[in-house]
Amino acid sequence: FYQRIAIQFSKLVGGSRKIGSRTEVFRRTLTLPSVSSQNIFEEFAVRLIGRVVFCWFLKMKKSINGVPLLPDELLSFKSIKAKPNYYHEVLEKLFFSVLNTPIVNRRKEFALSPYKNIPFLNGGLFNPHDSDYYLADKSGISKHINTLKVPDKWLQEFIEILETYNFTV
């Protein structure tokens, strides 16, 4: 499991990784606005992976009413295929406008399904960092939609790994 996650990390940020007896070199697939520092790419990727894995745990965890804390329609291989530009269309909103925002302060669209049962997490994991390049306009659309790119194909591969692993909560 961890080896597969490490390979996905390398696919996102680029670099070489030893896989079995061979070393494979990966080209970076992540695009960040005006960034040349490998360290910034790696920090962004670590936060992204950590956030998605945490969201996966929320998806596996159920409320006292038996409802998942994060619905499948927001985080699954199928949801990525259904929403092109998934990072901006779903993950940024989920991270920064839902999980990072108290329920009473959320925009009206996030008071409805599929967001209405998602808890506020007051712990910092979903606080946007400067190097998250999260600047949304009033409608919630990222100002970096064309300069920050997390490929849907990479996200599909990453979620596929999570879907094949038996998480216990």
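Relevant structure appears above.
Reading guide: rules and limits
- Residues numbered from 1 in each chain as written.
- Predicted model: local features only at pLDDT ≥ 70, side-chain atom pairs only at ≥ 80, totals over all residues.
- Heavy atoms only, no water.
- Core = buried A, V, L, I, M, F, W, Y, C linked by side-chain atoms within 4.5 Å.
- Buried < 20%, exposed > 50% of the residue type's maximum accessible area, 1.4 Å probe, protein only.
- Helix = DSSP H or I, 4+ residues; strand = E, 2+ residues; numbered from the N terminus.
- Contact = heavy atoms within 4.5 Å.
- Polar contact = N/O pair within 3.5 Å; in protein donor to acceptor, adjacent residues only side chain to side chain.
- Pairing = 2+ DSSP bridges.
- Axes fitted to C-alpha atoms, helices over the stretch in contact; angles between N-to-C directions.
- Parallel < 35°, antiparallel > 145°, perpendicular 65-115°, else oblique.
- Nonpolar A, V, L, I, M, F, W, Y, C, P; charged D, E, K, R; others polar.

### Some points on the nonpolar core
One finds Leu-48, Tyr-87, Leu-91 and Val-150 to be the most contacted residues of the largest nonpolar core, which totals 44 residues. Secondary-structure elements contributing two or more residues to this core are α1 (2-13), α2 (38-60), α4 (86-99) and α5 (152-164). Sequence-distant contacts of Tyr-87, defined by excluding residues within four places in its chain, comprise Phe-44, Leu-48, Glu-92, Phe-95, Phe-96, Asp-132, Leu-148, Val-150, Asp-152 and Leu-155.

### With respect to the side chain of Asp-132
Mapped onto the fold, Asp-132 is located in the loop between α4 and α5. We classify Asp-132 as buried; its relative accessible area is 0%. There is a polar contact of 3.0 Å between the side chain of Asp-132 and the side chain of Arg-51. Within the structure, Asp-132 has its side chain in polar contact with the backbone nitrogen of His-129 (distance 2.7 Å). Residues contacting Asp-132, with those up to four places away along its chain left out, are Phe-44, Arg-47, Arg-51, Tyr-87, Phe-96, Asn-127 and Leu-148.

### Examining the pairing of strand β2 (residues 22-26)
It is a general feature of regular strands that their side chains alternate between the two faces of the sheet. For strand β1 (residues 15-19) and β2, the ladder comprises five bridges, and the chain directions are antiparallel. Across the sheet, the residue bridging to Lys-18 is Thr-23, located in β2. Hairpin connection of β1 to β2: two residues between the antiparallel strands, including Gly-20 at a positive phi of 65°.

### As for the packing of α2 against α4
Viewed as axis vectors pointing N to C, α2 and α4 meet at an angle of 75°, and their least axial separation amounts to 12 Å. Taken together, the axes of α2 and α4 lie roughly perpendicular to each other. Contacts from Phe-44, Leu-48, Arg-51, Val-52, Cys-55 and Leu-58 of α2 reach α4 at Tyr-87, Leu-91, Leu-94, Phe-95, Phe-96 and Leu-99. Tallied by class, the residues present in the contact of α2 with α4 amount to eleven nonpolar, no polar and one charged.

### What to know about unusual backbone geometry
Excluding glycine, residues mostly have negative phi values, and the peptide bonds linking residues are mostly trans. In this structure, the amide linkage connecting Ser-113 to the following residue, Pro-114, adopts the cis form with an omega of 10°. Summarising the element assignment, Pro-114 is placed in the loop between α4 and α5. Not every positive phi belongs to a glycine, and Asn-85 is a case in point at roughly 60°. Following the sequence through the fold, Asn-85 ends up in the loop between α3 (77-82) and α4. Using a relative accessible area of 29% as the deciding quantity, one classes Asn-85 as partly exposed. Although it is not a glycine, Tyr-133 adopts a positive phi angle of roughly 50°. If you trace the backbone, Tyr-133 turns up in the loop between α4 and α5. Residue Tyr-133 is classed as buried on the basis of its relative accessible area of 18%.

### Concerning the environment of Asn-117
Structurally, Asn-117 can be placed in the loop between α4 and α5. Sequence spacing of Asn-117 and Glu-24 is 93 residues, and the spatial spacing of their C-alpha atoms is 42 Å. Excluding residues that lie within four positions of it along the chain, Asn-117 makes contacts with Val-67 and Leu-69.

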